[in-house]
Amino acid sequence: MEKICGDKTDNKILRRLFLKAELSYTVSDLSKAIGPIIDLMFISLFIGTAGITVMGYVSPLVMLFELIGTDISSGARNKVSNLLGAGKIDEANRVFSASVILGGGLSLITVLAVGIFCSEVSFILGAREPQIFAMTKLFIFGYILGIPFFTMTRILTPYLQMEGQYRKVTIISIITTVIDVAADAFVIFVLHGGMFGIALATSLGYIIPFLIGAAFFLQKKNHSVFRISLRGITMKDCWEMIRRGAPAGVIKGSNAIGGMLINNMLTALHVQYLVAAYGVFSQVTVFVRFSWYAPADTLHAFSGIFIGEEDRHSLREVQKISLLHALTYTSAVTAAMFIFAVPLSEIFLKSHDPAALRMGAECIRIACWSLPFHAIVYNFNNYLMAVKRLRFCNIYSFMIECGNIVLITFLMLQIMGYHGAWVSKVITMMILSAIAAFYVYRNGEGKTYRDKMFLLPESFGFSPYYEIAISATSTGEIIDLSRVAVAFALEHGADMKRAKTFGLVTEELAILFTEHGFNDGKPHNINARLIAKGDDLIIRMRDDCKPFNLTEYYKIVRDDIEHCAGMAIIMNKSKDVQYTNTLGTNNLIVRL
């Protein structure tokens, strides 16, 4: 048994869960990147320039549809993770219901409005020439059929990840891509269809994955805490989700604005291939952005839960893991892009002109040095969302994709000519990293910079005197928790009777967890936190075994004295017992 006081906990469960979540986010992000590329490839090869033109016109509309799901899913994940960490299951379930109903309702309203006014929307998007106008309308009609399902999948995905259903999320992402490719091929080669068929194929790729994800929450025999219910939903819940998810929407919106402004600046230089070469880096990063997105998204999800749990140790650990992983991944990607700049330029530019290829390779070789700074910037931005520093987070999000990059690009173009476009990428991310470091220094609380990085009050969590973190990997170690618990209770003012009760409940919990989860022949870990908070003695226990809802199981076997004696001791001696299955682990909070 490993007894840890302070911030040096060896949390094997956390590290393993972080890797699982990262993989899930990585596959999901790659799926989002591959789908549109596949559509463009089929359109380019079999429909032609007119089809590519249509895709350019409808891209702002596609971004609008994405904003709905992105904003609500990000805001809901932020709020629900805090509630789960605090053991507030009913409130978490209410937010879940509100997010599903709000997301579904808004997407349906948007789809209906776009469908009714499709001609006007096509005209506003810029499709004026008769043939392009007709093709744009057809694409929109086919595409909007799948938007409600796309939105709902985006909203449900964080809940699946919070439930520890990483494999299911990975499967959904893969199925989405496979169906999109297969349906596109069927439309082109069998039906000889056009833009409507391609859009319909994309919609089909949204529908089936949604059904797979939704089926999990409709199963009566799963361990999910999330169930759709209209009871208790308020406008305050809906507004809070939108507010908390706003930074994700700001990033998407400012990305479109920033890209448009920079393209106009580059066009004004009248340098052949400049815009195309600049765009090559953006196209390449679509496929490697998981190297900073996946750790940052995992940090966002995990931080909310540990903040709700007031678990200072795990929060520090997840900060460290996320930044280390992101810097490692982005450094590897930077090296690969620098080495393979020429072939990457050839692949994405689709040109044989030596001048164009040389310019594209130069852009990649210089701009790729910005990627390690992406790790710092996006980790910081997502952590701002987790700790609800939303006002600055919105400003910072705008600076990432528009405010800072546009200004720096303009200045560097004046100083260095078109080469300044590549250098501006690096300088922008360096400045944003410095801003992040300075913000922490000025706004964090604590004596050391390490403590300031929490961006939380100094009172957050528990001092080593009021908390012991214990890791155990074997039955003998787990049972020995009782001795530690008794000593801890006595040290914090409990009389001998109460201290022995605390030790007994701790021991019975450990035995139950061991009997239930350690009998499958696989290595497992249990992390326990013994906490003294006010008049309460608290046991918070997490294991990586199969789901085991102690409170529900006790309701079933409570009349069987022989098999529930240990559970009866826990239930009868405790003020409150709360169970959640979060991030694929059993989490139990017991107050005495």
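Predicted model only: the values in this text are computed from it and were never measured. (Residues numbered from 1 in each chain as written. Predicted model: local features only at pLDDT ≥ 70, side-chain atom pairs only at ≥ 80, totals over all residues. Heavy atoms only, no water.)

## What to know about helix α12 (residues 312-339)
Phase 1: An ideal rise of 1.5 Å per residue puts 40 Å on 28 residues; α12 measures up with 41 Å between its terminal C-alpha atoms.
Phase 2: Two to three positions downstream of the cap, the backbone nitrogen of His-313 sits 3.3 Å from a side-chain oxygen, assigning the N-cap of α12 to Asp-311. (Helix = DSSP H or I, 4+ residues; strand = E, 2+ residues; numbered from the N terminus. Expected span 1.5 Å × (residues − 1). Polar contact = N/O pair within 3.5 Å; in protein donor to acceptor, adjacent residues only side chain to side chain.)

## Points about a nonpolar patch on the surface
Phase 1: On the surface, a nonpolar cluster with roughly 730 Å² of combined accessible area is contributed by Met-41, Leu-45, Phe-46, Phe-186, Phe-189, Val-190 and Leu-191.
Phase 2: Residue assignment for the nonpolar patch shows that the elements contributing at least two residues are α1 (12-46) and α7 (166-189).
Phase 3: Ranked by the residues each element gives to the nonpolar patch, the list is headed by α1, at three residues.
Phase 4: Residue position: Val-190 is located in the loop between α7 and α8 (195-218). (Patch = residues over 30% accessible without salt bridge, like charges linked within 9 Å, V, L, I, M, F, W, Y side chains within 5 Å. Areas by Shrake-Rupley, 256 points an atom, 1.4 Å probe, with all protein chains shown as cover. Salt bridge = Lys/Arg side-chain N within 4 Å of Asp/Glu carboxyl O.)

## Focus on the packing of aromatic side chains
Phase 1: Counted under the stated rule, the structure contains 21 aromatic pairs.
Phase 2: Between the aromatic rings of Phe-380 and Tyr-396, the centroid separation amounts to 5.0 Å while the plane-to-plane angle is 85 degrees, which identifies the pairing as edge-to-face. Here the residue Phe-380 occupies a position in helix α15 (residues 371-386), and Tyr-396 occupies one in helix α16 (residues 390-416), the gap between them amounting to 16 residues.
Phase 3: Exposure remark for Tyr-396: the relative accessible area of 0% places this residue in the buried category.
Phase 4: Sitting over the ring of Phe-338, Arg-365 keeps its end group 5.5 Å from the ring centre.
Phase 5: Above the plane of the ring of Tyr-441 lies Lys-452, whose end atom (NZ or CZ) is 5.8 Å from the centre. (Phe/Tyr/Trp six-rings, centres within 6.5 Å; stacked < 30°, edge-to-face > 60°. Buried < 20%, exposed > 50% of the residue type's maximum accessible area, 1.4 Å probe, protein only. Lys NZ or Arg CZ within 6 Å of the ring centre and 35° of its normal.)

## Thoughts on the pairing of strand β4 (residues 536-543)
Phase 1: With eight of eight residues buried, β4 is to be regarded as a mostly interior element.
Phase 2: Alternating positions in β4 separate into two faces, Asp-536, Ile-538, Arg-540 and Arg-542 on one and Leu-537, Ile-539, Met-541 and Asp-543 on the other, with burial throughout.
Phase 3: Inspection of the sheet shows strand β3 (residues 526-533) paired to β4 by eight bridges, in the antiparallel sense. Its bridge partner being in β4, Ala-528 is matched across the sheet by Met-541.
Phase 4: Hairpin connection from β3 to β4: two residues lie between these consecutive antiparallel strands, with Gly-534 at a positive phi of about 60 degrees.
Phase 5: With six bridges connecting them, β4 and strand β6 (residues 585-591) associate as antiparallel partners. Across the sheet, the residue bridging to Ile-538 is Arg-591, located in β6. (Pairing = 2+ DSSP bridges.)

## Focus on the nonpolar core
Phase 1: Counting residues in each nonpolar core, the largest one holds 73 residues, and the members touching the most others are Phe-302, Leu-315, Met-337 and Phe-380.
Phase 2: In contact with Phe-380, not counting residues within four places along its chain, are Phe-392, Tyr-396, Ala-436, Tyr-439, Val-440 and Leu-455.
Phase 3: Residues Ala-494, Ala-499, Leu-530 and Val-577 belong to the second largest nonpolar core, which totals 33 residues. (Core = buried A, V, L, I, M, F, W, Y, C linked by side-chain atoms within 4.5 Å. Contact = heavy atoms within 4.5 Å.)

## A word on the environment of Gly-420
Phase 1: Structurally, Gly-420 is set in helix α17 (residues 420-443).
Phase 2: When its relative accessible area of 0% is taken as the criterion, Gly-420 is described as buried.
Phase 3: Between the alpha carbons of Gly-420 and Thr-409 there is a distance of 6.7 Å; along the sequence they are eleven residues apart.
Phase 4: The residues touching Gly-420, leaving out its near neighbours within four places in the chain, are Met-412 and Leu-413.

## Thoughts on the packing of helix α4 (residues 118-125) against helix α5 (residues 130-144)
Phase 1: Relative orientation of the contacting elements α4 and α5 amounts to 120 degrees, with a least axis distance of 9 Å. As the angle between them shows, α4 and α5 are arranged oblique. Of the two elements, α4 crosses α5, and the hand of that crossing is right-handed. On the side of α4, the interface is formed by Cys-118, Ser-119, Val-121, Ser-122, Phe-123 and Leu-125, while α5 contributes Phe-133, Thr-136, Lys-137, Ile-140 and Phe-141.
Phase 2: Tallied by class, the residues present in the contact of α4 with α5 amount to seven nonpolar, three polar and one charged. (Axes fitted to C-alpha atoms, helices over the stretch in contact; angles between N-to-C directions. Parallel < 35°, antiparallel > 145°, perpendicular 65-115°, else oblique. Left-handed = near helix turned anticlockwise from the far one by under 90°. Nonpolar A, V, L, I, M, F, W, Y, C, P; charged D, E, K, R; others polar.)

## A look at the pattern of salt bridges
Phase 1: Counted by the stated rule, this structure contains twelve salt bridges.
Phase 2: Residue Arg-591 is joined to Asp-536 by a salt bridge in which the shortest nitrogen-to-oxygen separation is 3.8 Å. In this pair, Arg-591 sits in strand β6 while Asp-536 sits in strand β4, placing the two residues 55 residues apart along the sequence.
Phase 3: Classification of Arg-591 by relative accessible area gives partly exposed; the value is 24%.
Phase 4: Owing to a relative accessible area of 17%, Asp-536 belongs among the buried residues under this scheme.
Phase 5: Here the residues in one salt-bridge network are Arg-15, Glu-317 and Lys-320, joined through shared partners.

Shape is all these values report; function is a separate question.
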